[in-house]
Amino acid sequence: MATRFDPFQEFDRLFAQALTAERASATMPMDLYRSGDHYVLHVDLPGADPGTIDVNVEDRTLTIRAERTGRAEQDVQWLAKERPVGTYARQLTVGRGLALDAISATYSDGVLTLSIPVAEDAKPRRIEVQHAGDATRITSGSDAAV
């Protein structure tokens, strides 16, 4: 069976792997959903030191920042070093109608969870329609209502 030999195939694979690792270190995978009257955001921060996690809101921008430090092993020969280290940062622009002053955050098992409540004035509400009865008639122009 004949096979085609490409001398650059391994180079391309290594280059793609390096780019993928760089992109992975720059992002924080997240899930976002609405549950009742609040939004829940789960952000993966595996290995992040809980003391470095910073969540803040300025205007309509939610910023999440955390740091993962590498191991400082001496006299070792690395065979594989794929786990990214450094500062993770992610910014989300949030819409109006959220109670940004009431966000709660927890960090457990490498997952940061934010609960963002919907503001009271943005919650759906039912408006009751009053029945005026048959005595009132609405007319247009110069006609008067009876």
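Heads up: these notes are all about the structure in this document. Note that this is a predicted model, so its numbers are computed, not measured.

1. Some words on the overall build of the protein
Okay, so step 1: A count of helical and extended segments in the protein gives one helix and seven strands.
Okay, so step 2: Walking the protein from its N terminus toward its C terminus, one meets helices and strands in the order α-β-β-β-β-β-β-β.
Okay, so step 3: Out of the 146 residues belonging to the protein, those deemed buried represent 18%.
Okay, so step 4: Put simply, 49% of the contacts in the protein that link residues at least 6 apart link residues at least 24 apart.
Okay, so step 5: Element-wise, carbon and sulfur atoms account for 51% of the exposed surface of the protein, whose accessible area totals about 11,800 Å².

2. With respect to the side chain of Arg-60
Okay, so step 1: On the secondary structure map, Arg-60 appears in the loop between β3 (54-58) and β4 (61-68).
Okay, so step 2: Put simply, Arg-60 is tucked away with no salt bridge, and the nearest opposite charge, on Asp-59, sits 5.7 Å away.
Okay, so step 3: The residues contacting Arg-60, other than those within four sequence positions of it, are Leu-92, Thr-93, Val-94, Gly-95, Arg-96, Gly-97, Leu-98 and Leu-100.

3. Description of the sheet that holds β4
Okay, so step 1: Strand order in the open sheet formed by three strands is β3-β4-β5, and the pairing between neighbours is antiparallel. Pairing within the sheet leaves two strands with one partner each, and these edge strands are β3 and β5 (86-93). Along the sheet, successive strands turn relative to each other by an average axial angle of 15 degrees, direction set aside.
Okay, so step 2: The sheet contact formed by β3 and β4 spans five bridges and is antiparallel. Opposite Asn-56, over in β4, you have Thr-63 as the bridge partner.

4. Some thoughts on the side chain of Thr-63
Okay, so step 1: Looking at where Thr-63 falls in the secondary structure, it is placed in strand β4.
Okay, so step 2: A distance of 3.1 Å separates polar atoms of two side chains, one belonging to Thr-63 and the other to Gln-91.

5. A short note on the pairing of strand β6 (residues 104-108)
Okay, so step 1: Relative to strand β7 (residues 111-117), β6 runs antiparallel, the two sharing five bridges. By the bridge assignment for β7, Ser-108 is matched with Val-111.
Okay, so step 2: Counted along the chain from β6 to the antiparallel partner β7, the turn is two residues long, and its residue Asp-109 has a positive phi close to 55 degrees.

6. Concerning the sheet that holds β7
Each strand in a sheet pairs with its neighbour through backbone hydrogen bonds, running either in the same direction (parallel) or in the opposite one (antiparallel).
Okay, so step 1: Spatially, four strands are ordered β1-β2-β7-β6 in an open sheet, and the strand pairing comes out antiparallel. Two strands lie at the open edges of the sheet, namely β1 (30-35) and β6, each paired on one side alone. On average, each strand axis in the sheet is tilted by 15 degrees relative to the strand beside it, whichever way the strands run.
Okay, so step 2: Pairing of β1 with strand β2 (residues 38-44), which is carried by six bridges, proceeds in the antiparallel orientation. Across the sheet, the residue bridging to Ser-35 is His-38, located in β2.

7. A word on the nonpolar core
Okay, so step 1: The biggest cluster of nonpolar side chains holds 18 residues, and the ones touching the most others in it are Leu-41, Val-43, Leu-45, Leu-62, Ile-64 and Leu-112.
Okay, so step 2: Contributions of two or more residues to this core are made by β2, β4, β5 and β7.
Okay, so step 3: Setting aside anything within four residues of it in sequence, one finds Leu-62 in contact with Leu-41, Val-55, Asn-56, Val-57, Arg-90, Gln-91, Leu-92, Val-94, Ile-103, Leu-114 and Ile-116.

8. So, the layout of surface pockets
Okay, so step 1: Volume-wise, the largest pocket comes out at about 190 Å³.
Okay, so step 2: Considering the residues around the largest pocket, the lining is formed by Gly-47, Arg-68, Thr-69, Gly-70, Arg-71, Trp-78, Ala-80, Lys-81, Glu-82, Arg-83 and Val-85.
Okay, so step 3: A class-by-class count of the residues in the lining of the largest pocket yields three nonpolar, three polar and five charged.

Each value, and the rule that gives it
Residues numbered from 1 in each chain as written. Predicted model: local features only at pLDDT ≥ 70, side-chain atom pairs only at ≥ 80, totals over all residues. Heavy atoms only, no water. Helix = DSSP H or I, 4+ residues; strand = E, 2+ residues; numbered from the N terminus. Buried < 20%, exposed > 50% of the residue type's maximum accessible area, 1.4 Å probe, protein only. Contact = heavy atoms within 4.5 Å. Areas by Shrake-Rupley, 256 points an atom, 1.4 Å probe, with all protein chains shown as cover. Lys, Arg positive; Asp, Glu negative; His and termini not counted. Salt bridge = Lys/Arg side-chain N within 4 Å of Asp/Glu carboxyl O. Pairing = 2+ DSSP bridges. Axes fitted to C-alpha atoms, helices over the stretch in contact; angles between N-to-C directions. Polar contact = N/O pair within 3.5 Å; in protein donor to acceptor, adjacent residues only side chain to side chain. Core = buried A, V, L, I, M, F, W, Y, C linked by side-chain atoms within 4.5 Å. 1 Å grid on protein atoms, 1.4 Å probe; cavity = no way out; pocket = protein on both sides within 12 Å on 5 of 7 lines; lining within 4 Å. Points joined across faces, edges and corners; volume = space filled by probe spheres on them. Nonpolar A, V, L, I, M, F, W, Y, C, P; charged D, E, K, R; others polar.

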